[in-house]
Amino acid sequence: QVQLVESGGGLVQPGGSLRLSCAASTSMFSIYTMAWYRQAPGKQRELVARITGGGITNYADSVKGRFTISRDNAKHTVYLQMNSLKPEDKDVYYCNSVPHPFAYWGQGTHVTVSS
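Residues numbered from 1 in each chain as written. Predicted model: local features only at pLDDT ≥ 70, side-chain atom pairs only at ≥ 80, totals over all residues. Heavy atoms only, no water.

*Asks:* I'd love a proper account of the pattern of salt bridges, names of residues and values included.
*Replies:* Inspection of the entire model under this criterion finds five salt bridges. Among the ionic pairs, Arg-38 bridges to Glu-46, the shortest N-O distance being 3.0 Å. Residue classification places Arg-38 among the buried residues on the basis of a relative accessible area of 5%. Residue Asp-89 is joined to Arg-66 by a salt bridge in which the shortest nitrogen-to-oxygen separation is 2.7 Å. Taken together, the positions of Asp-89 in the loop between strand S8 (77-82) and strand S9 (91-98) and Arg-66 in the loop between strand S6 (57-59) and strand S7 (67-72) put the pair 23 residues apart, joining distant regions of the chain. One exposure class covers both Asp-89 and Arg-66, and it is buried. Each member of the salt-bridge network shares a partner with another, and the members are Arg-38, Glu-46, Arg-66, Asp-89 and Asp-91. (Salt bridge = Lys/Arg side-chain N within 4 Å of Asp/Glu carboxyl O. Buried < 20%, exposed > 50% of the residue type's maximum accessible area, 1.4 Å probe, protein only. Helix = DSSP H or I, 4+ residues; strand = E, 2+ residues; numbered from the N terminus.)

*Asks:* Describe in detail the side chain of Arg-38, supporting the description with residues and values.
*Replies:* Among the structural elements, Arg-38 can be located in strand S4 (residues 33-39). Among the polar contacts made by the side chain of Arg-38, one reaches the side chain of Ser-62 at a distance of 3.4 Å. Setting aside residues no more than four positions away along its own chain, Arg-38 makes contact with Gln-44, Arg-45, Glu-46, Val-48, Ser-62, Val-63, Phe-67, Glu-88, Asp-89, Asp-91, Val-92 and Tyr-93. (Polar contact = N/O pair within 3.5 Å; in protein donor to acceptor, adjacent residues only side chain to side chain. Contact = heavy atoms within 4.5 Å.)

*Asks:* Mind laying out the packing of aromatic side chains, listing which residues take part and the relevant values?
*Replies:* According to the stated counting rule, one finds three aromatic pairs in the structure shown. Relative to Trp-105, the ring of Tyr-37 has its centre 5.1 Å away and its plane inclined at 75°; by these criteria the two rings are edge-to-face. In this pair, Tyr-37 sits in strand S4 while Trp-105 sits in the loop between S9 and strand S10 (109-113), placing the two residues 68 residues apart along the sequence. What makes Trp-105 partly exposed here is its relative accessible area of 31%. Through successive ring pairs, a cluster of aromatic residues spans Tyr-37, Tyr-94 and Trp-105. Positioned above the aromatic ring of Phe-29 is the side chain of Arg-71, whose terminal nitrogen or guanidinium carbon lies 4.5 Å from the ring centre. (Phe/Tyr/Trp six-rings, centres within 6.5 Å; stacked < 30°, edge-to-face > 60°. Lys NZ or Arg CZ within 6 Å of the ring centre and 35° of its normal.)

*Asks:* Requested: an account of the pairing of strand S1 (residues 4-7), with residues and values cited.
*Replies:* Judged by which residues are buried, S1 turns out to be one-sided: Leu-4 and Glu-6 face inward and are buried, whereas Val-5 and Ser-7, on the alternate face, are not. In the sheet, S1 pairs with strand S3 (residues 18-24) via four bridges, with the strands oriented antiparallel. Residue pairing across strands places Val-5 opposite Ala-23, the latter belonging to S3. (Pairing = 2+ DSSP bridges.)

Rendered as structure tokens:
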């Protein structure tokens with residue numbers, strides 16, 4: 001099974017930045033469209049951004065212009081650069097492939113935006 005390991009979360013003040021990373025344990029990483037999701041307790045998981053193997057990206061309206069998704073196929077890693085963070089960005093962030101997620105989700109990485 002493919003393992004996903006997210007990292008990079010933390011506590012940041014409003015307006016601050018964080019860079020999340022997600023490493024995937026698959027040598028076929030470059031063929032997968034990858035995405036970042038976020039989820040608050042008791043709420044549905046929301047797709048935040050996605051990137052094809054070739055680097056085409058798209059974003060949820062709520063993060064457009066503030067977040068940037070990227071990937072390093074050689075490192076089997078996808079990144080999410082988050083700028084101008086807002087309190088409403090506070091969530092647990094996960095990565096997975098789209099449209100067919102890998103069977104096992106990672107543990108996620110917690111992002112808290114607070115002064």
